[in-house]
Amino acid sequence: MLKQRIITALILLPIALGGFFLLEGASFALFIGLVVTLGAWEWARLAGFPAQSARVAYAVAVAAMLFIMYVVPGLAPWVLGAAVLWWATATFLVLTYPRTTHHWANAATKLVIGLLILLPAWQGLIWIKQGPLGNWQIMAVMVLVWGADVGAYFSGKAFGKRKLAPKVSPGKSWEGVYGGLALSLVITTVVGFVRDWTVAQLLMGLIGAALIVFVSVVGDLTESMFKRQSGIKDSSNLLPGHGGVLDRIDSLTAAIPIFAVLLWMAAS
């Protein structure tokens, strides 16, 4: 398994980095759209549609919605606004699982939730990419999420005692969350000093980083919640040793649109 994970990561990493940072405009939108469409194909299974025909139909529908969003950029504020409402709701659902499962357990609701997870992630990346520091800001949100994952892994392994959400993901601990948060805040502080931020800018950066870390944890737990309710271990087997596309981007699907909203608020 470890060998498979390493080989898959070595193949995917240059493709992902090249797609994120070398492509522009329609090519970038298409690249991210492909990833999101594969995620939609996986989500249909989590929603209770194991048949390939239904999964492909859902993926095609999501791809069509992405095209509409691309040609009608005025939809972006609405899509990102929906993401804020959804991730606030998801936080509540994770905290109250399984008591509130009946609110979203039916297939139709889960298909709609898939749209609320996938479409804003695509929209957020498109919006961030268009800014003057687009590539750097995309790297920033990824580093925050990856830093949180790394910090959580080592901190949880060394000190983890209090379970974060035992009914959703028994392996995660509050100590892991704190360790991931600490590493992300250290990274943010270093960036602030390098870029000569003012005290006010640094403070806002730290608050924003903390929010991104916490919402990324919610993104991870949300997919775990849906997989647990569906009795599925991995979203698919597309990535040997890593599970599926959703298993790799679950934290980012939450962090990216919220990061985009924070950037928009800072620029306003």
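Residues numbered from 1 in each chain as written. Predicted model: local features only at pLDDT ≥ 70, side-chain atom pairs only at ≥ 80, totals over all residues. Heavy atoms only, no water.

By the naming in an unreviewed UniProt entry, the protein chain goes by Phosphatidate cytidylyltransferase and is assigned to Pseudomonas bijieensis. Regarding the protein chain, the UniProt comment filed under Catalytic activity (unreviewed entry) reads as follows: "a 1,2-diacyl-sn-glycero-3-phosphate + CTP + H(+) = a CDP-1,2-diacyl-sn-glycerol + diphosphate". The Sequence similarities (unreviewed entry) field of the UniProt record for the protein chain holds the comment "Belongs to the CDS family." (UniProt positions renumbered as here; feature names shortened; annotations may be inferred.)

With that settled, the discussion passes to the environment of glycine 219. The topology assignment puts glycine 219 in helix 8 (residues 199-230). For glycine 219, a relative accessible area of 2% gives the class buried. Taking the C-alpha atoms as reference, glycine 219 lies 16 Å from valine 112; in sequence the two are 107 residues apart. (Helix = DSSP H or I, 4+ residues; strand = E, 2+ residues; numbered from the N terminus. Buried < 20%, exposed > 50% of the residue type's maximum accessible area, 1.4 Å probe, protein only.)

Attention now goes to a nonpolar patch on the surface. On the surface, Phe67, Ile68, Tyr70, Val71, Val72, Leu75 and Trp78 cluster together into a nonpolar patch covering about 720 Å² of accessible area. Counting residues per element, the nonpolar patch draws most heavily on helix 3 (residues 52-71), at 4 residues. Counting through the fold element by element, leucine 75 comes out in the loop between helix 3 and helix 4 (76-95). (Patch = residues over 30% accessible without salt bridge, like charges linked within 9 Å, V, L, I, M, F, W, Y side chains within 5 Å. Areas by Shrake-Rupley, 256 points an atom, 1.4 Å probe, with all protein chains shown as cover. Salt bridge = Lys/Arg side-chain N within 4 Å of Asp/Glu carboxyl O.)

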